[in-house]
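# Reading the structure
If you want the building blocks of each chain, they are given just below.
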Amino acid sequence: MDYFEFYGLPESFKIDAAQLKKKFYELSKKYHPDFYASESAEKQQEVLELSTLNNKAYQVLANTDRRVEYILRQHNLLSEGDKYPLGPDFLMEMMELNEQLMDADDEATINRIKTSVKEASDNLELELAGQTRDFEIKDKAGQNEAFKKVLDIYYRKKYLLRITESFNTFAAR
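Within the protein, the secondary structure is distributed over seven helices and zero strands. Helices and strands in the protein line up, N terminus first, as α-α-α-α-α-α-α. Here the protein has a C-alpha radius of gyration of 21 Å; the compact-globule value for 173 residues is 16 Å, and the former is much larger. In the form shown here, the protein has an accessible surface area of approximately 11200 Å², with 50% of it arising from carbon and sulfur atoms. Between the centroid of the 25 positive side chains of the protein and the centroid of its 32 negative side chains there is a distance of 3 Å.

Right, dumping it as structure tokens:
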């Protein structure tokens, strides 16, 4: 089942966090397995599945990155093993950061690189906000164009995340 449908919410990159949390707690109470202990095994299994769905849906929809990924998957724009072609300017910038990171031999240099990665990540967040603003009221062509840009932002953010994770490796040296 679609997570947005499950919560009775329109599909959106932006979610009212309070409304989502309220719906989550409402369904958590409704589908709590303890309330169905005297029901048939079939009914208990159904409630357990709905409770699990509620938890998974909330975890995804409450997190911006996971929600973006979910929406892209729902529209068949993401699939396992995709080889997305990132832009050459972005790749050159990331290659330079990776080289600086490999050559880094002091904490000050690593911190400077971390700051550069953080700035790039913050810029992507702003770009994402711009692309998803008023998404629901765009016409189909506007939404399709925004989806392409959001997909590109998604892959660039993923690339930056790999660099961020590599800081631990270099910090251990």
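Let us keep going from here.
Among the secondary structure elements, Arg156 is positioned in helix 7 (residues 140-171). For the pair Arg156 and Leu124, spaced 32 residues apart in the sequence, the C-alpha separation amounts to 7.9 Å. Sequence-distant contacts of Arg156, that is, excluding residues within four places in its chain, are made with Leu86, Phe90, Leu124 and Glu127.

The next thing to look at is unusual backbone geometry. What you tend to see is this: most non-glycine residues have negative phi, and most peptide bonds are trans. With phi around 55°, Asn76 is a residue other than glycine that occupies positive phi space. Tracing the backbone shows Asn76 in the loop between helix 4 (64-74) and helix 5 (88-103). Look at Asn76 and you get exposed, because its relative accessible area is 67%. A positive phi angle is found at Asp134, which is not glycine, with a value near 60°. Position of Asp134 among the secondary structure elements: in the loop between helix 6 (107-132) and helix 7. Given the relative accessible area of 46%, Asp134 is considered partly exposed.

The N-to-C vectors of helix 2 (residues 17-30) and helix 3 (residues 41-61) enclose an angle of 170°; their axes lie 10 Å apart at closest approach. Classified by the angle between their axes, helix 2 and helix 3 sit roughly antiparallel to one another. Contacts between helix 2 and helix 3 pair Leu20, Lys21, Phe24, Leu27 and Ser28 from the former with Asn54, Asn55, Tyr58 and Leu61 from the latter. Looking at the contact of helix 2 with helix 3, its residues break down into five nonpolar, three polar and one charged.

This part takes up the packing of helix 5 against helix 6. Taken N-terminus to C-terminus, the directions of helix 5 and helix 6 make an angle of 155°; their axes are 10 Å apart at the nearest point. Comparing their axes, helix 6 and helix 5 come out roughly antiparallel. Our pair here, helix 5 against helix 6, has a crossing hand that is left-handed. For the pair helix 5 and helix 6, the contacting residues are Glu93, Leu97, Gln100 and Leu101 in the first and Arg112, Ile113, Ser116, Val117 and Ala120 in the second.

This next bit is on the side chain of Asp2. Note on placement: Asp2 falls in the segment before helix 1 (3-7). Buried charge without a partner: Asp2 forms no salt bridge, and the closest opposite charge is Arg67, 12 Å away. A distance of 2.9 Å separates a polar side-chain atom of Asp2 from the backbone nitrogen of Glu5. A distance of 2.8 Å separates polar atoms of two side chains, one belonging to Asp2 and the other to Gln74.

As a further point, take the nonpolar core. Of all hydrophobic cores here, the largest spans 48 residues; its most connected members are Phe6, Tyr7, Leu61 and Leu72. Counting only elements with at least two residues in this core, the list comes to helix 1, helix 2, helix 3, helix 4, helix 5, helix 6 and helix 7. Apart from the residues lying within four places of it in its own chain, the contact partners of Phe6 are Met1, Leu27, Tyr31, Leu50, Leu53, Asn54 and Ala57.

Quick notes on the rules
Position labels on residues start from 1 in each chain and follow its written sequence. Two thresholds apply to this predicted model, a pLDDT of at least 70 for residue-level local features and 80 or more for giving and counting side-chain atom pairs, whereas whole-chain, interface and lining totals are computed over all residues. Calculated side-chain values reflect all of the structure's heavy atoms, with hydrogen atoms and water omitted. Helix and strand assignments follow DSSP, with helices taken as H or I runs no shorter than four residues and strands as E runs no shorter than two, numbered in order from the N terminus. The globule rule used here is 2.2 Å times the number of residues to the 0.38 power, and the radius of gyration it is set against is calculated over C-alpha atoms. Under the convention used here, a 1.4 Å probe and the Shrake-Rupley method define accessible areas, while residue burial counts only the protein chains that appear. Counting rule applied: Lys, Arg positive; Asp, Glu negative; His and chain ends not counted. Every charge is mapped to an atom, namely NZ of Lys, CZ of Arg, CG of Asp or CD of Glu. Residue contacts are defined here by distance: any two heavy atoms, one from each residue, within 4.5 Å place the two residues in contact. Type-normalised accessible area, obtained with a 1.4 Å probe on protein chains alone, sets the label of each residue: buried when under 20%, exposed when over 50%, and partly exposed for intermediate values. Comment: axis = line fitted to C-alpha atoms, over the contacting stretch for helices; angle = value between 0 and 180 degrees taken between N-to-C directions. Just so you know how the angles are binned, under 35 degrees is roughly parallel, over 145 roughly antiparallel, 65 to 115 roughly perpendicular, and the rest oblique. Lys, Arg, Asp and Glu make up the charged group, whereas Ala, Val, Leu, Ile, Met, Phe, Trp, Tyr, Cys and Pro make up the nonpolar group; the residues left over, Gly among them, are polar. If you view the pair so one helix is near and one far, a crossing is left-handed when the near helix is turned anticlockwise from the far one by less than a right angle, and right-handed when it is turned clockwise. Whenever a carboxyl oxygen of Asp or Glu lies within 4 Å of a side-chain nitrogen of Lys or Arg, that contact is scored as a salt bridge. N or O atoms closer than or at 3.5 Å make up a polar contact, with two conditions inside protein: a donor-capable atom paired with an acceptor-capable one, and, for residues adjacent in sequence, both atoms drawn from side chains. We call a set of buried residues a nonpolar core when its members are Ala, Val, Leu, Ile, Met, Phe, Trp, Tyr or Cys and they connect through side-chain atoms within 4.5 Å of each other.

In short, shape yes, function no, at least from these values alone.
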